[in-house]
Structures are given as structure tokens and as C-alpha cells.
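# Observations on chain architecture
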Amino acid sequence: MLRFAPSPTGDMHTGNLRAAVFNYILAKQRNEKFLLRIEDTDTARNIEGKDKDIMFLLNLFGITWDNLVYQSHNFPRHRQLAEYLIQKGDAFYCYCTKEFLDQKRELAKANHQAFRYDDDWAELEKDKNPHPVVRLRAPKEQMGFHDAIKGDITFAPSEIDSFIILKEDGIPTYNFACAVDDMLYDIDFIVRGEDHVSNTPKQILIHQCLNYDKAMQFAHLPIILNEEGKKMSKRDNASSVQWLLDCGFLPQAIVNYLVLMGNKTPCEVFTLKECMEWFDITKIAKAPARFDIDKLKFLNREHFKRLNEQDLAVLLGYKDSAIGALAKLYLQEASTLNEIREKVDLIFAKKSLLLAQYKESAKTENAEILEFESQVKTLQDTLLTMLNQDCSKTEFDTFKSNAMQNSGLKGKAFFKPLRFLLTGLAHGPELSDLFPILRLYLKDIVRN
């Protein structure tokens, strides 16, 4: 089985989603089940409702799961196995207080040495501390594993202390709960971020001490860098999956980009289902991948092109498929749902309000602005009179000629107000391309 194991302690970020996507693809490729495991062991930081947010987002991105478990439900099993390790002698109670360990850290720092826990400290403060932790004994030999992306990775015994597996309150630490649950649910391939590389030997050691010898595969995904080439953090907007959705990026485009980023793929534009045919985890680059918002915008436009016109219209808040066709004409200059919606909504906005906003933004009423206002009103009156007749089948050249003749406007004095009245903007796609769709709604478009 493969698994995605998020913590309900904050919003989902792009690194989380990338791991979920890769695990889901591998589960489908291997015809294995996919487990969603909510890692809620950090009771102090858990946020109510975040688990539901995670599930909603996964569904939105087309990721479904066969099993759902909450790590906290296995706390009794975790404690039982910790007790077993104590009885075996592989784990022990440690009574060191926080103050004692802080002093040791400061001493190591003063001596310019790396801090390392000493097993001989375990019972020095037994009389002071009635709530000991449980630690797993450090390995005596080198630990190592093969990573599907990074290759062979090894850790010297000096790199791994005797580490805590049960906290003072009996709640398991991340590494212990994670290792035990991977064992309980028969996880055989773990794909996660490279920030977990240092956790892997500890989890392997836990398995060894529990006499669990099933072969495990690992793949640690390189970190994602921001556009400045620094490690992406919560301060970077693009690190938030919800921010990307709020900006109007399509789920299918986001998935496309997360698979494409730092990867060798046979094509640039694809869906989650399509990439299952060729995805290869070993082709992910070892180096960090830089998040390129412009590349995501390109992919977003390509996925808009793939949408049928009815679906695109619904995404924009309209029912008529013709609005979807209209939206596609704006893809040369708009790349997100928000940008397209803004342009389509301006077409149907009251032009008197837009004209007032235009004057206000100019701040001064000079002769040019007053002249443009007069031209707009003249042409608007002309078009409203013309629209007493059905224009739904009129060709653009005929419409243009009649409007020009009836209004008495020519050249820039005609075309600038015409574009404003038809689109609400000063620039955009050719009116001759837009008009076959706009003519269906002219009375709504040219209204005061």
C-alpha cells in the first residue's frame, strides 16, 4: 500500500500536494491501495477542521483514497509496542528534565561541539521528574537505505542519538507513530519531501527493533524553491494550494505543473490520468526545483483550451456555452480564471458606471476625456436605436458600417468608443473575432 500522511496543523502547501499526487500515481500504477493517514499526534498544534480541508482539496484534485485512518486512533497500539521495546532492552525511560538538557546543549555549544544525548544521563534526575519519556537506543552500526531519487544514503552511528519515541504524556513522537503505522498498514513504498531524509534511518531502526523485516522503498522529493531561488516558505504565496486556487488556477493545471517540475516527461501538457501511463519516480531530478509562476500560467491556458465551452462558462458563473467560447478568445492575454472572468464581466457591466470609473481614474477632466465621453454617449445612443432591430445574424462589417454612418463618427473617434462599449476595455482581441458571439447579447452589452 502507498500512503499520503498530512498533519492537520495548517493549510496544505504545494510540497504536500506534490507528495500526494506522486503517491496516488504510484498506487494506481502498481495496482495497490492508497491510504490517507491523518497524522494528528501533535495535539497542541492540531487545528479543528483542517482534516476536512485536506480531504476536500484532495478530491478537488482528483485524488481519492481506499482507506482513511487517524493516527491518534492507534495510540494504544503505539504504547503497547513501546512497552515491548522497553522489555526487550531496545528502549528505556529517560528522566532528564528540559532544563537539564538545555544546560547540556549550551555546554556543547560553548565547547564548539555538536550536542549529543548520552544514555548515561537517563536516570540522573529520576527524583526530580515523575514523567519520563521513552527513548529508543541509538544504533551501534551504520544505517543506510536506497532512495529512488537520491541513490544510496548512509548515516554513521554518531549521527543518530537515542531518540524519544513516547513523550511525557504517553503520546508517540512523529517518528515512532509513523514507523509503527507504516508497518501496521503494510506500506511498502514511501514518497515524501527530502526534509524527512534524516527521519528515515530512525524509522528503519524502529522497524528493526520490532523485528519487522519487510523491504521498504523510499523516494524523497527535492525541495521547491521560490522564484528568487530560495527555499519556498509559508511567506511565499505560491506555496499555498488554496492561494493558487483563489487566483484562478485550475486543479488539473496545478497537478500538471507539479508532475512536470524537475521531471523528464514525454510531453508538457497532460492530465493526472494521462501521466499515469508514463510516470517514473526515478526520473525526478535530485536538485531542487524552482517554482515558475509563468510556466504555471502557460499550463493553465493550455488546460483552459482543453475545456469544453459549457464547462468553462459554468466556471465563470454563466450558463450559456457561448460565454465559454467568448472566454477562449481572451486566452492570449489572460491566463487565470480570475483574469478571464474580469474581462468577460466587463463586457456585461453597465457602461455608464465604467465611464464614470474611467473619468475618476484620470483625476482631471481634460478636453480629451470630455470628448471621449461625448463620443461614447453618441455611439451608445446610436447602437441602442439600431438594436431595435434583430442584430443576432448581422456580420461585423455591416454592423460597423451602419454604426459609423448613423453616428457620424469615424476613425479613432469611432473605434475607440466602439471597443469600450462592446468590451469595457481599451484593448483586447480583434472585434471582428469577438462580434459573432457579442452580437447574441448586444442589448445587454450596450446598456446604460
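First, a word on scope: everything that follows refers to the structure included in this document. Starting from 1, residues in each chain are numbered consecutively following that chain's sequence as written. A pLDDT threshold of at least 70 governs which residues receive local features in this predicted model, and a stricter bar of 80 or more applies before side-chain atom pairs are shown or counted, although totals over entire chains, interfaces and linings include all residues. Note that water and hydrogens are dropped before the side-chain values are worked out from all heavy atoms of the structure.

### Section: the packing of helix H3 (residues 75-88) against helix H5 (residues 174-184)
The description of two helices packed together rests on the angle between their axes and the distance between the axes. It is at 10 Å that the axes of H3 and H5 come closest, and there the two elements cross at 100°. Considering the angle they form, H3 stands roughly perpendicular to H5. The segment H3 lies against H5, with Arg77, His78, Leu81, Ala82 and Leu85 engaging Phe176, Ala177, Val180, Asp181, Met183 and Leu184. Looking at side-chain class alone, the contact of H3 with H5 contains eight nonpolar, one polar and two charged residues. Helix axes use the C-alpha atoms of the stretch in contact, all axes being lines fitted to C-alpha atoms, and the angles between their N-to-C directions lie in the range 0 to 180 degrees. Only DSSP runs of H or I with at least four residues qualify as helices, and only runs of E with at least two residues qualify as strands; both kinds are numbered from the N terminus onward. Angular relationships are summarised with four words: roughly parallel below 35 degrees, roughly antiparallel beyond 145, roughly perpendicular across 65 to 115, and oblique for the angles in between. In this analysis, two residues are considered to be in contact whenever any of their non-hydrogen atoms come within 4.5 Å of each other. Residues are grouped as follows: Ala, Val, Leu, Ile, Met, Phe, Trp, Tyr, Cys and Pro are nonpolar; Asp, Glu, Lys and Arg are charged; all remaining types, including Gly, are polar.

### Looking at the layout of surface pockets
Space inside and on the surface of the protein is sampled on a 1 Å grid over the protein atoms alone, with a cavity defined as a set of points where a 1.4 Å probe fits but cannot get out and a pocket as an open set with protein on both sides within 12 Å along at least 5 of 7 lines; lining residues have an atom within 4 Å of a point. Grid points are joined across faces, edges and corners, and a volume is the space filled by probe spheres set on the points. The computed volume of the largest pocket comes to approximately 1,200 Å³. His13, Gly15, Asn16, Asp195 and His196 are the residues nearest the centre of the largest pocket, which is lined by 41 residues in total. The leading source of residues in the lining of the largest pocket is helix H1 (residues 14-29), at six residues. Tallied by class, the residues present in the lining of the largest pocket amount to 13 nonpolar, 16 polar and 12 charged. Size it by volume and the second largest pocket reaches roughly 330 Å³. Residue lining of the second largest pocket: 19 residues in total, with Leu101, Arg105, Val133, Arg135 and Ile164 positioned closest to the centre. For the lining of the second largest pocket, the elements supplying multiple residues, two or more each, are helix H4 (98-110), strand S5 (133-136) and strand S8 (163-166). In terms of residues, the lining of the second largest pocket owes the most to one element, H4, which gives four residues. Classifying every residue of the lining of the second largest pocket by side-chain character gives eight nonpolar, four polar and seven charged.

### Thoughts on the packing of aromatic side chains
Here the aromatic set is Phe, Tyr and Trp, taking the six-membered ring for Trp, and pairing holds for ring centres within 6.5 Å; pairs whose planes are under 30 degrees apart are stacked, those over 60 apart are edge-to-face, and all others are tilted. The final tally for this structure, using the stated rule, is 15 aromatic pairs. Taking 5.6 Å as the distance between ring centres and 80° as the angle between the ring planes, the aromatic pair formed by Tyr24 and Phe34 counts as edge-to-face. Separated by 10 residues along the polypeptide, Tyr24 in helix H1 and Phe34 in strand S2 (residues 34-38) bring together distant segments of the chain. Through a chain of ring-to-ring contacts, three or more aromatic side chains come together here, namely Phe100, Phe115, Tyr117 and Trp121. One residue, Lys202, lies across the ring of Phe163, its end atom 5.5 Å from the ring centre. For a lysine, the NZ atom is tested; for an arginine, the CZ atom; a charge sits over a ring if that atom is within 6 Å of the ring centre and within 35 degrees of the ring normal.

### Remarks on the nonpolar core
As used here, the term nonpolar core means buried Ala, Val, Leu, Ile, Met, Phe, Trp, Tyr and Cys residues forming a set that is joined through side-chain atoms within 4.5 Å. Relative accessibility thresholds used throughout: buried, under 20% of the residue-type maximum; exposed, over 50%; partly exposed, between the two (1.4 Å probe, protein chains only). Ranked by size, the top nonpolar core spans 55 residues in total, and within it Ile281 and Phe291 carry the most contacts. Ranked by residues supplied to this core, first place goes to H1 with nine residues. In contact with Ile281, not counting residues within four places along its chain, are Phe22, Ala148, Ile149, Phe189, Val191, Ala219 and Leu221. In this structure, Leu312, Ala313, Ile340 and Leu422 belong to the second largest nonpolar core, which totals 48 residues.

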